[in-house]
Amino acid sequence: QSRIALFAKRGDGDNDERLKKETAGEEDEKKRKEKNQSIAGKAAKSVSLLYSYTIIFLGAFFSFGLLLNLAGYGYTVDLEHGLVIDRMSNIRTELQFRRELKGVK
């Protein structure tokens, strides 16, 4: 019967040196690509990243609003008071009051 070695010891053959050269070559290639990346490419990547974060933020914001609504609460956003979270009945009353004040003037 012949035996087949499944594992090789470090230092057997030239595999270690070849692996080091391949890894160094890949790192050099990455560095060259990073240097050659144009300003337009960097700008496009930045815009894409900004878009992704904006979509995630808006999704979380509106999901939070939906959860508030299901619990009987709501929110209003204006420049005078900022973000106000209150019960839906109070928000409706406040909105009706504001509309009546605008109609009187």
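Look a little higher up for the structure.
The structure contained in this document is the topic of the report that follows. (Residues numbered from 1 in each chain as written. Predicted model: local features only at pLDDT ≥ 70, side-chain atom pairs only at ≥ 80, totals over all residues. Heavy atoms only, no water.)

### Observations regarding the pairing of strand β2 (residues 82–87)
- One ladder, built from six bridges, connects strand β1 (residues 73–78) with β2; its direction is antiparallel. Opposite Gly74, over in β2, you have Asp86 as the bridge partner.
- Hairpin connection between β1 and β2: a loop of three residues separates the two successive antiparallel strands. (Pairing = 2+ DSSP bridges. Helix = DSSP H or I, 4+ residues; strand = E, 2+ residues; numbered from the N terminus.)

### Let's talk about the pattern of salt bridges
- One pass over the structure, following the stated rule, counts two salt bridges.
- Between Arg98 and Asp78 there is a salt bridge, and its shortest N-O distance comes to 4.0 Å. You can see Arg98 sitting in helix α3 (residues 88–104) and its partner Asp78 sitting in strand β1, a full 20 residues away along the chain.
- Take Asp78: its relative accessible area is 27%, and that puts it in the partly exposed class.
- Close ionic contact of Glu94 with Arg98 constitutes a salt bridge, the shortest N to O distance being 3.3 Å. Taken as a pair, Glu94 and Arg98 lie in helix α3 at a separation of four residues, close to a single helical turn. (Salt bridge = Lys/Arg side-chain N within 4 Å of Asp/Glu carboxyl O. Buried < 20%, exposed > 50% of the residue type's maximum accessible area, 1.4 Å probe, protein only.)

### Observations concerning the packing of aromatic side chains
- If you walk through the whole model with that rule in mind, you get three aromatic pairs.
- Between the aromatic rings of Phe57 and Phe61, the centroid separation amounts to 6.2 Å while the plane-to-plane angle is 20°, which identifies the pairing as stacked. A residue pair is termed a helical-turn pair when its members lie 3 or 4 positions apart in one helix, as Phe57 and Phe61 do in helix α2 (residues 39–70) at four residues.
- Overall, the relative accessible area of 55% leaves Phe57 in the exposed class.
- Among the residues examined, Phe61 registers a relative accessible area of 27% and is labelled partly exposed.
- Pairing Phe61 with Tyr75 gives two aromatic rings, centres 5.3 Å apart and planes at 70°, and the pair type is edge-to-face. Pair noted here: Phe61 is in helix α2 and Tyr75 is in strand β1, with a separation of 14 residues, a long-range link. (Phe/Tyr/Trp six-rings, centres within 6.5 Å; stacked < 30°, edge-to-face > 60°.)

### Quick notes on a nonpolar patch on the surface
- A cluster of nonpolar side chains, Phe64, Tyr73, Val77, Leu83 and Ile85, forms an exposed patch at the surface whose accessible area comes to about 470 Å².
- Listed by contribution, the elements that provide at least two residues to the nonpolar patch are β1 and β2.
- Inspection of the secondary structure assignment puts Val77 in strand β1. (Patch = residues over 30% accessible without salt bridge, like charges linked within 9 Å, V, L, I, M, F, W, Y side chains within 5 Å. Areas by Shrake-Rupley, 256 points an atom, 1.4 Å probe, with all protein chains shown as cover.)

Function cannot be inferred from these measures alone, as they are strictly geometric.
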